[in-house]
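# Tertiary structure, described
Here's the letter readout for the chains.
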Amino acid sequence: MRFKKRASALIFHLLIIAFGFSMLYPLLWMLMASFKSNQEIFAGVNFFPKAPTLSNYASGLKGVSGYSFFKFIGNSFLLAAACIIGNIVSCSMAAFAFAKLEFRLNKILFSVMMLTLMLPFHVRLIPQYIVFNKIGWVDTYLPLIIPKFFATEGFFIFMLTQFMRGISNELLEAPRIDGCSTWKLFINFIIPLSLPGLMTVAVFTFIWTWNDFFSQMIYLSNPSRFTVAVALRMFVDATGQSTWGALFAMSCVSLIPLFAFFVGFQRYLIEGIAAGGVKG
Amino acid sequence: MKRHAINKPWEAYLFLLPWLIGLLCFTVIPMVLSLYFSFTRYDMAKSPVWIGLGNYVAMAKDPRVLKSIKVTATYVFLGIPFQLAFALLLAVVLKKPRFGVRFYRTVYYLPSLFGGSVAVALLWRQVFNKEGIINRLLALVSIQGKNWIATPDTALYTLILLSVWQFGASMVIFLGGLQQISQDIYEAAAIDGASKFRAFFTITLPLLTPMVFFNLVMTVINAFQAFTPSYIISGGTGSPVDSTLFYTLYLYINGFKQFKMGYASAMAWVLLAIIGLITALMFGAAKKWVYYDD
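Here the structure is a predicted model, which is why all the values come from computation and not from measurement. (Residues numbered from 1 in each chain as written. Chains lettered and ligands numbered in written order. Predicted model: local features only at pLDDT ≥ 70, side-chain atom pairs only at ≥ 80, totals over all residues. Heavy atoms only, no water.)

### Overview of the overall build of chain A
- Summing up its helical and strand segments, chain A has 14 helices and zero strands in all.
- Its helices and strands taken in sequence order, chain A reads α-α-α-α-α-α-α-α-α-α-α-α-α-α from the N to the C terminus.
- A globule of 280 residues ought to have a C-alpha radius of gyration of about 19 Å, yet chain A, at 24 Å, is considerably larger.
- Across its three principal directions, the C-alpha atoms of chain A cover 75 × 75 × 30 Å.
- The 280 residues of chain A split such that 52% are buried. (Helix = DSSP H or I, 4+ residues; strand = E, 2+ residues; numbered from the N terminus. Rg over C-alpha atoms; globule rule 2.2 N^0.38 Å. Buried < 20%, exposed > 50% of the residue type's maximum accessible area, 1.4 Å probe, protein only.)

### Focus: the packing of helix α5 (residues 106–118) of chain A against helix α8 (residues 154–165) of chain A
Residues and elements named next belong to chain A.
- Between α5 and α8, whose axes approach to 8 Å, the crossing angle comes to 135°. As the angle between them shows, α5 and α8 are arranged oblique. Note that α5 runs across α8; the crossing there is left-handed. Here Phe 110, Met 113, Met 114 and Leu 117 of α5 lie close against α8, whose contacting residues are Gly 154, Phe 155, Ile 157, Phe 158, Thr 161 and Arg 165. (Axes fitted to C-alpha atoms, helices over the stretch in contact; angles between N-to-C directions. Parallel < 35°, antiparallel > 145°, perpendicular 65-115°, else oblique. Left-handed = near helix turned anticlockwise from the far one by under 90°. Contact = heavy atoms within 4.5 Å.)

### Here we look at the interface of chain B and chain A
- The interface is formed by 90 residues belonging to chain B together with 91 residues belonging to chain A.
- Three residues, Phe15(B), Trp19(B) and Phe26(B), lead the burial of chain B against chain A; their summed loss comes to 11% of the area buried on that side.
- Linking chain B to chain A there are zero salt bridges.
- Run the count over chain B and chain A and you get 13 residue pairs in polar contact (both at pLDDT 80 or more).
- Among the elements that make up the side of chain B that touches chain A, the one with the highest residue count is helix α1 (residues 9–37) of chain B (20 residues).
- Each residue belonging to the side of chain B that touches chain A can be placed in one class, and the counts come to 65 nonpolar, 19 polar and six charged. (Buried area = accessible area lost by both parts, 1.4 Å probe. Salt bridge = Lys/Arg side-chain N within 4 Å of Asp/Glu carboxyl O. Polar contact = N/O pair within 3.5 Å; in protein donor to acceptor, adjacent residues only side chain to side chain. Nonpolar A, V, L, I, M, F, W, Y, C, P; charged D, E, K, R; others polar.)

### Observations concerning the nonpolar core
- Within the largest apolar cluster, 191 residues are counted, with the highest numbers of intra-cluster contacts made by Phe98(A), Trp19(B), Tyr75(B), Leu94(B), Tyr108(B), Met171(B) and Tyr252(B).
- Beyond its immediate sequence surroundings of up to four residues, Met171(B) is in contact with Ala87(B), Leu90(B), Ala91(B), Leu94(B), Arg105(B) and Tyr108(B). (Core = buried A, V, L, I, M, F, W, Y, C linked by side-chain atoms within 4.5 Å.)

### Concerning the packing of helix α8 (residues 168–180) of chain B against helix α10 (residues 196–224) of chain B
All names here are of chain B.
- Where α8 contacts α10, the two axes come as close as 10 Å, and the packing angle between them is 140°. Here α8 is positioned oblique relative to α10, judged by the angle of their axes. Crossing geometry of α8 relative to α10 is assigned as right-handed. Two secondary-structure elements touch here, α8 through Ser 170, Ile 173, Phe 174, Gly 177 and Leu 178 and α10 through Thr 204, Leu 208, Met 211, Val 212 and Asn 215.
- In terms of residue class, the contact of α8 with α10 is made up of six nonpolar, four polar and no charged.

### Description of the packing of aromatic side chains
- Applying the stated criterion across every chain yields a total of 62 aromatic pairs over all chains.
- With 5.1 Å between their ring centres and 70° between their planes, Phe103(A) and Tyr13(B) make a pair best called edge-to-face. Placement of the pair is Phe103(A) in the loop between α4 (69–100) and α5 and Tyr13(B) in helix α1, with the two residues belonging to separate chains.
- For Phe103(A), a relative accessible area of 8% gives the class buried.
- When its relative accessible area of 26% is taken as the criterion, Tyr13(B) is described as partly exposed.
- A centroid spacing of 5.8 Å and a plane angle of 45° characterise the contact between Trp183(A) and Phe186(A), whose relative ring orientation is tilted. You can see Trp183(A) and its partner Phe186(A) sitting in helix α10 (residues 182–193), three residues apart, about one turn around the helix.
- Judged by its relative accessible area of 48%, Trp183(A) is partly exposed. (Phe/Tyr/Trp six-rings, centres within 6.5 Å; stacked < 30°, edge-to-face > 60°.)

### Examining the environment of Ser181(A)
- For Ser181(A), the location among the structural elements is in the loop between α9 (169–177) and α10.
- In terms of polar contacts, Ser181(A) uses its side chain to reach the backbone amide nitrogen of Lys184(A), at 3.1 Å.

### Some remarks on the pattern of salt bridges
Residue and element names in this part refer to chain A.
- Using the criterion set out here, one finds four salt bridges over all chains in the structure.
- Between Arg 225 and Asp 139 there is a salt bridge whose closest N-O contact spans 3.0 Å. Here Arg 225 is found in the loop between α12 (214–219) and α13 (228–239), whereas its partner Asp 139 is found in the loop between α6 (122–134) and α7 (142–145), with 86 residues between them in sequence.
- Look at Arg 225 and you get partly exposed, because its relative accessible area is 28%.
- In this structure Asp 139 comes out as buried when scored by relative accessible area, which is 17%.

Just geometry here; none of it tells us what the structure is for.
This is the structure in structure tokens:
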């Protein structure tokens with residue numbers, strides 16, 4: 001009986017590991033390939049590099065169009081930081097109103113907000129582009145940042161509203177009776193109590209901004225403003241397939257911040273996914 | 001005792017102000033403009049010219065529109081069932097806290113974390129190339145592989161595989177749902193002599209259907225808007241012979257390559273209609289299979 005139990009546990013682990021390894025195989029292979037010479041990448045099936053080299057990283061980090069790859073990483077970080085601030089400020093304000101304040105249109109406006117979650121962004125895309133173009137914002141970060149300060153990410157409002165509804169009303173009553181203003185209530189009580197929710201917003205904003213390709217490609221055209229996503233594609237166009245090694249090296253570099261955020265903030269990420277059913 | 005309102009009504013609107021401005025400036029007005037553009041010919045250089053239903057009529061006759069709808073629908077309806085099935089299976093298998101489970105969950109989640117990136121799309125292009133790693137592994141067992149990315153019959157399936165590969169996020173959602181199911185029900189079922197297999201189909205699955213449904217709706221809506229894999233893997237063209245021409249990619253080509261802003265706007269509204277229709281159908285069908293407690 002005990003033997004049977006052990007054997008089935010062993011089979012369980014073997015199966016899970018084998019399947020997991022085959023899933024991660026492409027990623028691991030890319031990581032290994034980034035340390036191989038270009039000839040070795042295109043020959044044979046060996047997993048580990050025969051003569052590990054850092055030359056791919058050296059040539060990849062030189063970047064494209066005269067800008068080092070670090071520049072693009074810096075751009076992506078700046079953009080993500082601005083989007084995080086915008087989302088946290090604007091979405092937490094809206095969520096507070098929906099979750100804790102009383103006003104006649106609360107239910108209706110909340111439904112409107114949920115409805116916007118289902119809209120494909122393409123119905124807004126073209127007029128937005130045309131207007132941003134008219135006012136000279138194309139080829140700046142403004143079209144990517146400014147909307148975030150106006151709570152355009154409905155999902156985060158939804159998530160924070162759920163979170164703030166969980167804060168007990170009794171807890172807020174005492175400061176209320178002491179004459180605490182609504183604004184002070186928000187800053188001194190709601191915000192500190194919502195910190196885990198706000199962390200989740202920050203982590204998701206980072207991942208989405210880092211991975212976003214479509215809007216960054218549309219709005220950014222000067223290489224000095226390129227983000228990692230746009231630069232990677234340019235890299236392929238500029239160098240072709242002859243330098244897969246350098247491309248893989250830069251791909252790995254581009255995934256490191258994602259991985260670091262994941263490892264550091266796993267708890268918030270998992271909670272966010274479980275709370276709202278979004279993809280990471 | 002009459003309960004005092006926690007706030008003055010105008011205060012609530014003050015907190016909502018950024019969102020209200022955003023709703024007006026970045027959603028409502030653009031949508032109205034977009035609807036108007038969809039009835040015009042507009043290249044951004046000259047003013048829009050009203051052509052009535054011209055764009056919509058042209059769309060109905062445009063073989064590339066029909067092709068892109070077919071490609072996108074195949075991508076959505078072939079990929080998502082597999083994605084959700086894998087997610088559910090692994091969630092059930094990795095539900096029990098036992099040695100190594102936390103690590104395994106992380107491993108299966110990682111593709112979802114990286115999958116949307118340009119880096120992984122580029123990697124996919126290499127993996128399924130003629131000299132790609134898949135073919136080299138196949139060669140070990142003496143199978144001659146082809147260039148999966150450049151063959152019209154198989155190119156789309158590499159994209160579908162890329163989406164199925166990212167089942168981890170759904171798995172995490174299901175894990176959250178499974179953990180909410182009370183252990184008492186299973187114990188009661190076990191006392192009544194129900195097998196684990198039977199318990200899964202009569203307890204776990206029905207209780208999980210609301211979550212499966214929510215996941216299905218959100219995944220379908222998102223999948224219809226997928227762009228990066230199609231753009232990167234096909235080099236921005238939807239090649240070979242339009243076999244990976246996603247609807248959003250064709251919309252992008254019309255709007256931002258050929259500056260047919262009117263046509264692209266019409267395409268956006270048809271996309272909205274398609275997504276709306278399918279969402280409504282899913283909600284209608286939900287009554288038949290989604291289990292609600294109350």
